[in-house]
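# A look at the structure
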Amino acid sequence: MAAEVPLLFDKAHVLCYRTFDIAEEIDLERARKALTEDSRRLKLSRENSQYLQLPNPPLAYELGRKPLALRDGPVTVDATARLFDHGAASIILRVPVVPGTSFEHLTRVADELYDSQALEDLALELVEGVRRTIAPAVQEPHLWDQNESYTVIFAESIRGNPSADELLARADLARLLLGENGAVPLSAGEVESVTKARFSYTINDLVVIDWNSAFVYEPSGSGDIPDLLEIANAQLLEFRYYDERLDEHITRIHEEVQAKRHGWIRLFRSPYRNLTRQTLATLVDLNEFIERVENSLKVIGDFYLAKVYEGAVRRMRIPNWQDSVTRKQQLLAQTYGLLKGDVDIDRSHTLEAIIVLLIVLEIFFAFFKVFEH
């Protein structure tokens, strides 16, 4: 019986994504004009990809080759920036995999890349440069102190050309996606949990999506699936960002209401006028944000790429964050209604006081005229 061909990667790379929120909105056309480098809009190329619509496709441009320090020595990575109109900027670092790399060695490399401080520092340095370059194209620039990371192990050629079923049977994909190097095998339940979101279009390709990483075996070399995973990752970042913004605004409302509840100024005017305007502005911004994020990709057909994208959305727990933002949006809308009611009552009282004052003045002048005669 012939021995099995070892699973060696003959052509592969690791895509490390670090996605940052850098603005409330990015004008992608103005950003394109601000770039001296060649830039390109994202366009999916696989069959039936026309059923995944990108109303305002993200803009990418090359940042050049950069050194990255790893335990086995420095490597040169290709860096790319991708900009989204909803305010996110993604730094993509393409780490080469040496031809002939074993599955076990790739697992160790992936484990290092998942938590590499050198990679974080490089991505932060690059995104700062991106912010300076596209400054004329952004609205309300900032840099949120958190980012979203994702890693895609992308294989085009594996020695022996294994099928998807062979890979699932022979390769410890759960260990690869977790970066788990321990000697003790993972439990069957953990393996199934990590690899349950798996997809194949033909018998010779495979996608396995976990919450923080994915394995893509794509002999055609198409980059559509990593692109879809990046879009989903950017959507996750934006929902996390606005979830925190809503928390901050709700906390500020509570603190201001407590501080002004017993103030003497309440006798003359509502202390919540500015707070009401700020709350309304936040709600308007939030509605625009949700529309931009939800419209960043529209699924209009039930086909392979759509299934992969929707599987990634579920695996990244995006619906949970979206539900959290929606609940807080509803709470904020209710709070705005209460604050507006207080302001309206204040205006009503003011109007009533003016009417009473006018009546008193009219009576006073009437008496004054009587006493004059």
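This write-up is about the structure you can find in this document. Just so it is clear, the structure is predicted and the values come from calculations on it, not from any experiment.

Rules used throughout
Residues numbered from 1 in each chain as written. Predicted model: local features only at pLDDT ≥ 70, side-chain atom pairs only at ≥ 80, totals over all residues. Heavy atoms only, no water. Helix = DSSP H or I, 4+ residues; strand = E, 2+ residues; numbered from the N terminus. Contact = heavy atoms within 4.5 Å. Areas by Shrake-Rupley, 256 points an atom, 1.4 Å probe, with all protein chains shown as cover. Core = buried A, V, L, I, M, F, W, Y, C linked by side-chain atoms within 4.5 Å. Buried < 20%, exposed > 50% of the residue type's maximum accessible area, 1.4 Å probe, protein only. Expected span 1.5 Å × (residues − 1). Salt bridge = Lys/Arg side-chain N within 4 Å of Asp/Glu carboxyl O.

### Examining the overall build of the protein chain
- A tally of regular secondary structure across the protein chain gives ten helices and 14 strands.
- Considering only residue pairs separated by 6 or more positions, the protein chain has 77% of its internal contacts joining residues 24 or more positions apart.
- Accessible surface for the protein chain amounts to roughly 19300 Å². Of this, 54% is attributable to carbon and sulfur atoms.

### Quick word on the nonpolar core
- Grouped together as the largest cluster of nonpolar side chains are 56 residues, with contacts concentrated most on Leu83, Ile91 and Phe215.
- Beyond its immediate stretch of four places on either side in the chain, isoleucine 91 contacts Cys16, Tyr17, Arg18, Phe20, Leu63, Thr80, Ala81, Ala123, Leu126, Val127 and Val130.
- Membership of the second largest hydrophobic core comes to 50 residues, among which are Tyr17, Leu52, Ile209 and Tyr242.

### Details of helix 9 (residues 304-315)
- Between its first and last C-alpha, helix 9 extends 16 Å over twelve residues, near the 16 Å set by a 1.5 Å rise per residue.
- The buried count for helix 9 comes to nine of twelve residues, which makes it a mostly enclosed element.
- Those residues of helix 9 not exposed but buried are Tyr304, Leu305, Ala306, Val308, Tyr309, Gly311, Ala312, Val313 and Arg315.

### As for the pattern of salt bridges
- Considering all chains together, one arrives at 18 salt bridges under this definition.
- Here glutamate 128 ties to arginine 131 by a salt bridge, and the two come within 3.1 Å at their closest N and O atoms. Linking glutamate 128 with arginine 131, this pair stays in helix 3 (residues 117-133), spanning three residues, or about one helical turn.
- Residue class for arginine 131 comes out partly exposed when judged on its relative accessible area of 25%.
- Between arginine 175 and aspartate 172 there is a salt bridge; the shortest N-O distance is 3.2 Å.
- Aspartate 172 sits in the partly exposed class, given a relative accessible area of 32%.
- What emerges from the salt-bridge pattern is a single network uniting Glu29, Arg32 and Arg41.

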